[in-house]
Amino acid sequence: MTARSTAEARVGDPVGSIDTPALVIDLDAMQRNLARMAEFAGKHRLRLRPHAKMHKSATIAKLQIAAGAVGVCVQKVGEAEALADGAVSDIFISNEVIAEAKLARVAALAGRTKLAIAVDSPLGVDRLAQALKAAGSMLDVFVEIDVGHGRCGVAPAAAGALAHQVVAHGLRFAGLQAYHGRAQHQREPAEREATVRHAVSQVRAALAGITAAGIACPLVTGAGTGTFAFEAASGVYGELQAGSYLFMDRDYADNTAASNAPTFEHALFVKSQVMSCSTSHAVVDAGHKSHAIDSGLPRVWQRDGLEFANGGDEHGIVHRRAGSAVALPALGDTVWLVPGHCDPTVNLHDHFAVVRGGLDNGIIEAVWPVDARGKLT
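Since the model is a prediction, treat every value here as computed from it, not as a measurement. (Residues numbered from 1 in each chain as written. Predicted model: local features only at pLDDT ≥ 70, side-chain atom pairs only at ≥ 80, totals over all residues. Heavy atoms only, no water.)

### Re the overall build of the chain
Secondary structure summary: the chain contains eleven helices and 17 strands in total. Computed over the C-alpha atoms, the radius of gyration of the chain is 22 Å, within 12% of the 21 Å expected from 2.2 N^0.38 for a compact globule of 377 residues. Projected onto its principal axes, the C-alpha positions of the chain cover 70 × 45 × 35 Å. Expressed as a percentage of its 377 residues, the buried residues of the chain come to 54%. By element, 52% of the accessible surface of the chain is carried by carbon and sulfur atoms, the whole surface being about 14900 Å². Positive and negative side-chain charges in the chain, numbering 35 and 38 respectively, have mean positions lying 3 Å apart. (Helix = DSSP H or I, 4+ residues; strand = E, 2+ residues; numbered from the N terminus. Rg over C-alpha atoms; globule rule 2.2 N^0.38 Å. Buried < 20%, exposed > 50% of the residue type's maximum accessible area, 1.4 Å probe, protein only. Areas by Shrake-Rupley, 256 points an atom, 1.4 Å probe, with all protein chains shown as cover. Lys, Arg positive; Asp, Glu negative; His and termini not counted. Charge placed at Lys NZ, Arg CZ, Asp CG, Glu CD.)

In structure tokens:
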């Protein structure tokens, strides 16, 4: 349903013509977000490498690079391939790849675009080196350390030995990958700052081990939309990987912003329509096939007093918040939803309808494909 409706969106038509449910970008808001993050990175003399796993779009990635980003991050080989096919020229797979068949794809991709990858095991380094040798290609290699997230990454004390193995294989050691995912959604700035402070201590320990191994560390990269202001202030990080700032989903907006961080606006929406009404609620045509619910339900946009409840695959329930007397939307009304989590929401759609001039009276300026949709390998 979503693929058909967004494909029917026509450039030059009014926003009201977009069939529902559909994924819509408020281009004015997105460009303000783009400029604010670029300005922040420039002011702090940091490289910006936004995470493109969020939008999965070669068009958007190239807009970010044109605004000053050095390149983009992805998490999957298929995402890197899709963006490279769209002429994105500098890509970091900020994740481990261990399967030999996938590493052969990585090595082939490194032969046609500037590429980097993360490693966190001796086996991963060995297999990567073998694949690159077979393909006759080269890329940058970042050693990932666990800075407290408890997901991927070696212990900081092991970083020196792994960096030495990278260099011994004749590979380019590019630095440390040091990202703390759980910190992104701690609600209060003081919590996030304390978590990043601990992460920085882990980075410093890893740097000491790398120096002791006689290896220079060119760069520490990491950070996300929830914490980038603290990594920027650390004096340790040289590159920021924040991505969701561009669309600013409901979950990130629920954080209390750091005082030294730019303000970002909601720029990604699911357009829905009321398909049924009762005296107690309205039903819209955007269920969880249209938006991810892993980080919670969408927020009803600019209708104070209304809340969204899960109605299943094809339905969303809009009802009054307790104590509110606000009118429910009427049958046929448009209801705009701010997704709880932008990344997996984007992955449910084939296209973005890109609107200039606002959600009420705007015009469709473009229809952009989600190039890396479904690229799970």
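Don't stop here, the text continues.
### Focus: the pattern of salt bridges
With the rule as written, the count across this model stands at 22 salt bridges. Between Arg 32 and Glu 265 there is a salt bridge whose closest N-O contact spans 2.7 Å. In this pair, Arg 32 is assigned in helix H2 (residues 27–43) and Glu 265 in the loop between helix H10 (250–253) and strand S10 (268–277), connecting sequence segments 233 residues apart. The salt bridge involving Glu 100 is made with Arg 127; its shortest N-O contact spans 3.9 Å. Of the two residues, Glu 100 sits in helix H5 (residues 100–110) while Arg 127 sits in helix H6 (residues 122–135), which places them 27 residues apart along the sequence. For Arg 127, a relative accessible area of 26% translates into the label partly exposed. A single salt-bridge network, built from bridges that share partners, covers Arg 47, Arg 49, Asp 90, Lys 114, Asp 140, Arg 172 and Glu 239. (Salt bridge = Lys/Arg side-chain N within 4 Å of Asp/Glu carboxyl O.)

### A closer look at the nonpolar core
Counting residues in each nonpolar core, the largest one holds 100 residues, and the members touching the most others are Leu 128, Val 143, Ile 145, Phe 228, Phe 247 and Phe 352. If you tally residues by element for this core, the top one is H2, at seven residues. Residues in contact with Phe 247, not counting those within four places in the same chain, are Ile 25, Met 30, Met 54, His 55, Ile 60, Glu 265, His 266, Ala 267, Leu 268, Cys 342, Val 346 and Phe 352. One finds Ala 9, Ala 22, Val 355 and Ile 364 within the second-largest nonpolar core, a separate group that totals twelve residues. (Core = buried A, V, L, I, M, F, W, Y, C linked by side-chain atoms within 4.5 Å. Contact = heavy atoms within 4.5 Å.)

### Quick notes on H2
Over its 17 residues, H2 runs 24 Å from end to end, which matches the ideal 24 Å to within 8%, given 1.5 Å per residue. Every buried residue belonging to H2 is among Leu 27, Asp 28, Ala 29, Met 30, Asn 33, Leu 34, Met 37, Phe 40 and Ala 41, and all of these are buried. For H2, the N-terminal cap is Asp 26; the gap from its side-chain oxygen to the backbone nitrogen of Asp 28 is 3.3 Å. Looking one or two places after H2, you find Arg 45, whose phi comes out positive at around 55°. (Expected span 1.5 Å × (residues − 1). Polar contact = N/O pair within 3.5 Å; in protein donor to acceptor, adjacent residues only side chain to side chain.)

### Things to note about the packing of aromatic side chains
Under the definition given, this model contains seven aromatic pairs. Judged by centre distance (4.7 Å) and plane angle (40°), the rings of Phe 92 and Phe 142 are tilted. Residue Phe 92 is located in strand S4 (residues 90–93), and its partner Phe 142 is located in strand S6 (residues 140–144); the two are separated by 50 residues in the primary sequence. In textbook terms, an aromatic cluster arises when at least three aromatic residues are bridged by ring pairs, as seen for Phe 40, Phe 228, Tyr 245 and Phe 264. (Phe/Tyr/Trp six-rings, centres within 6.5 Å; stacked < 30°, edge-to-face > 60°.)

### Considering the pairing of strand S17 (residues 363–369)
Across six bridges, strand S16 (residues 351–356) lies against S17 in antiparallel orientation. From the neighbouring strand, Arg 356 faces S17, where its bridge partner is Ile 363. Where S16 folds back onto S17 in an antiparallel hairpin, the turn is made up of six residues, including Gly 357, whose phi is positive at roughly 100°. (Pairing = 2+ DSSP bridges.)

### Structural notes on the environment of Ala 174
Inspection of the secondary structure puts Ala 174 in strand S7 (residues 172–177). Owing to a relative accessible area of 11%, Ala 174 belongs among the buried residues under this scheme. C-alpha separation for the pair Ala 174 and Leu 139, spaced 35 residues apart in sequence, amounts to 9.2 Å.

### Brief notes about the sheet that holds strand S3 (residues 72–74)
With respect to topology, eight strands assemble into an open sheet ordered S2-S9-S8-S7-S6-S5-S4-S3, the strand pairing being parallel. Since the sheet does not close on itself, it has two edges, and those belong to strand S2 (47–48) and S3, each with one partner. Relative to strand S5 (residues 114–119), S4 runs parallel, the two sharing four bridges. Each residue of the ladder has a partner; that of Asp 90, found in S5, is Lys 114.

### Some words on the packing of H6 against helix H7 (residues 159–168)
As a packed pair, H6 and H7 sit with axes 10 Å apart at the nearest point and diverge in direction by 15°. The angle between H6 and H7 falls in the class roughly parallel. Read as a crossing pair, H6 and H7 show a hand that is right-handed. Counted together, Pro 122, Val 125 and Asp 126 of H6 and Leu 162, Gln 165 and Val 166 of H7 form the full contact between these two elements. Its residues assigned to classes, the contact of H6 with H7 comprises four nonpolar, one polar and one charged. (Axes fitted to C-alpha atoms, helices over the stretch in contact; angles between N-to-C directions. Parallel < 35°, antiparallel > 145°, perpendicular 65-115°, else oblique. Left-handed = near helix turned anticlockwise from the far one by under 90°. Nonpolar A, V, L, I, M, F, W, Y, C, P; charged D, E, K, R; others polar.)

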